[in-house]
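Survey of secondary and tertiary structure
Take a look at the letters that make up each chain.
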Amino acid sequence: MNCSHIAAPISVSSVSDRLWLVSAHPPLWVIAATAAVALALVLYAPVWRILRTAVTIAHEGGHALVAVLTGRTLRGVRLHSDTSGVTVSRGKPYGPGMILTTMAGYPAPSLLGLGCAAMLGIGRLTLMLWLVVAALLILLLLIRNMFGLLAVIVAGAAVFGVSWYGDVIVQGVFGYAVAWFLLFGGLRAVAELQRVHVRGDGSDADQLARLTRIPAVVWVLVFAAASLACLVGGGRLLLTPWPFT
């Protein structure tokens, strides 16, 4: 029996076509609805305590990326069930490389949200989702504890599943929700940082204060300004996308 029609191989061209597909922008009410849902998830504490791990993944990914870019030796990343995390790199415990690596964590989720918003603004929905999957795959190689492995695998599987099996409507709702969640979540994480700093728990702001002699509260304000700027810029890109020609 000829079964050649039952399953067709996935060709490179079909993957490429899907990757570079330009998706139509959803109606404004859908974009606004995803923003409202994302904001509710960020503000509702029981859900936030679970989903905050996604923000931590982006946070530690920011540390890891800048550590590599500044020439430090990356030893690994750990994610914990209390939504905290740590990135270990080897190099001078002072100087520009250490300062930039320490600075990179809190702006990272908001900057990632801004990048997602930019991709969505030009209709590159599938490309945005696959870039997120690629980043998670790279981060997976750096994870050094079981909870971290599980968290990154679950996040990557969710994004890949939507990008591969979801129709354009599901992909659009999910993609916009992710972008909004990162933008809102990045700002909330900075607000929580202020409480940690007040307790003196050795936050990134406290470490930067020791490295630079600039008060920790100034660093909190810098992170807040960066996250707020990303929220404003990303929101504008999402709500007023570029017209297609």
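Below: a short report on this structure. Being a predicted model, the structure only gives us computed values, none of them experimental. Position labels on residues start from 1 in each chain and follow its written sequence. Predicted model: local features are reported for residues with pLDDT of at least 70 only, side-chain atom pairs are reported and counted for 80 or more only, and whole-chain, interface and lining totals are derived from all residues. For the side-chain quantities, the full set of heavy atoms in the structure was used; hydrogens and water were omitted.

**Here's the deal with the overall build of the protein chain**
- By the criteria applied, helices consist of DSSP H or I runs no shorter than four residues and strands consist of E runs no shorter than two, each listed in order from the N terminus. Tallying secondary structure elements over the protein chain gives ten helices and two strands in all.
- Each helix and strand of the protein chain, placed in order from N terminus to C terminus, yields the pattern α-α-α-β-β-α-α-α-α-α-α-α.
- Burial classification: accessible surface area is computed with a 1.4 Å probe over protein chains only, and a residue below 20% of its type maximum counts as buried, one above 50% as exposed, and the rest as partly exposed. Within the protein chain, the proportion of its 245 residues that are buried is 41%.
- We call two residues in contact whenever any of their non-hydrogen atoms come within 4.5 Å of each other. Contacts in the protein chain between residues at least 24 apart in sequence constitute 74% of all its contacts with a sequence separation of at least 6.
- Using a 1.4 Å probe, accessible areas were evaluated by the Shrake-Rupley method; residue-level cover was limited to the displayed protein chains. Summed over its atoms, the accessible surface of the protein chain is roughly 13100 Å², and 72% of this surface lies on carbon and sulfur atoms.

**Here we look at helix α6 (residues 125-140)**
- By this rule, a helix spans an expected 1.5 Å times one less than how many residues it contains. For α6, which comprises 16 residues, the first-to-last C-alpha distance of 23 Å matches the rise-based estimate of 22 Å (1.5 Å per residue) to within 8%.
- Where α6 is concerned, the buried positions are Leu125, Thr126, Leu127, Met128, Leu129, Trp130, Val132, Val133, Leu136 and Leu139.

**Examining the pairing of strand β2 (residues 85-90)**
- Being paired, for any two strands, means DSSP has found at least two bridges between them. The sheet contact formed by strand β1 (residues 73-79) and β2 spans six bridges and is antiparallel. Opposite arginine 78, over in β2, you have valine 86 as the bridge partner.
- A loop of five residues connects β1 with β2, the two strands running antiparallel in sequence, and threonine 83 in this loop sits at a positive phi of about 75°.

**Regarding helix α5 (residues 107-121)**
- Taking 1.5 Å per residue as the helical rise, α5 with its 15 residues ought to reach 21 Å, and the 21 Å between its terminal C-alpha atoms agrees with that figure.
- When we look at burial in α5, the residues that qualify are Pro107, Ala108, Pro109, Ser110, Gly113, Cys116, Ala117, Met119, Leu120 and Gly121.
- Directly after α5, the chain includes glycine 123, whose backbone phi takes a positive value near 80°.

**Concerning the nonpolar core**
- In terms of nonpolar packing, the biggest core is built from 48 residues, with Trp180 and Leu238 touching the most fellow members.
- Per-element tally for this core: the top contributor is helix α8 (residues 168-199), with ten residues.
- Those residues in contact with leucine 238, other than ones at most four positions away along the chain, are Ile31, Ala117, Leu120, Tyr176, Ala179, Trp180 and Leu183. Note on terminology: a nonpolar core comprises buried Ala, Val, Leu, Ile, Met, Phe, Trp, Tyr and Cys residues joined through side-chain atoms within 4.5 Å.

**Quick word on the pattern of salt bridges**
- In the sections that follow, a salt bridge refers to a side-chain nitrogen of Lys or Arg positioned within 4 Å of a carboxyl oxygen of Asp or Glu. Across all of its chains, the model carries two salt bridges by this definition.
- For arginine 188, the salt bridge is made with glutamate 192, and the minimal N-O distance between the two is 3.2 Å. You can see arginine 188 and its partner glutamate 192 sitting in helix α8, four residues apart, about one turn around the helix.
- The class for glutamate 192 is buried, based on a relative accessible area of 14%.
- What you see here is one network of salt bridges that share partners, running through Arg52, Arg188 and Glu192.

**Notes on the packing of aromatic side chains**
- Aromatic pairs are defined between Phe, Tyr and Trp rings, using the six-membered ring for Trp, whenever the two ring centres lie within 6.5 Å; interplanar angles under 30 degrees are classed as stacked, those over 60 as edge-to-face, and all others as tilted. Tallied over the full model, the rule gives six aromatic pairs.
- With a centroid separation of 6.0 Å and 50° between ring planes, the pair formed by tryptophan 48 and phenylalanine 181 is classed as tilted. Taken as a pair, tryptophan 48 in helix α3 (residues 45-69) and phenylalanine 181 in helix α8 lie far apart in primary sequence, 133 residues in all. Summarising the burial analysis for this pair, tryptophan 48 and phenylalanine 181 share the class buried.
- Members of the aromatic cluster, joined through ring pairs, are Tyr106, Trp219 and Phe223.

**Digging into the packing of α5 against α6**
- Two numbers describe how α5 lies on α6: the axes approach to 8 Å, and their chain directions differ by 150°. Comparing their axes, α6 and α5 come out roughly antiparallel. Crossing hand, α5 versus α6: right-handed. Contacts between α5 and α6 pair Cys116, Met119 and Leu120 from the former with Leu125, Leu127, Met128, Leu131 and Val132 from the latter.
- Amino acids are sorted into nonpolar (Ala, Val, Leu, Ile, Met, Phe, Trp, Tyr, Cys and Pro), charged (Asp, Glu, Lys and Arg) and polar (every other residue, Gly among them). Classifying every residue of the contact of α5 with α6 by side-chain character gives eight nonpolar, no polar and no charged. An axis is simply a line fitted to the C-alpha atoms; with a helix, the fit covers only the stretch in contact. Between two such axes, the angle follows the N-to-C directions and lies from 0 to 180 degrees. Should an angle lie under 35 degrees it is considered roughly parallel, over 145 roughly antiparallel, and from 65 to 115 roughly perpendicular; all remaining angles are considered oblique. Two helices that cross are described as forming a left-handed crossing if the nearer one is turned anticlockwise from the farther one by less than a right angle, and a right-handed crossing if clockwise.

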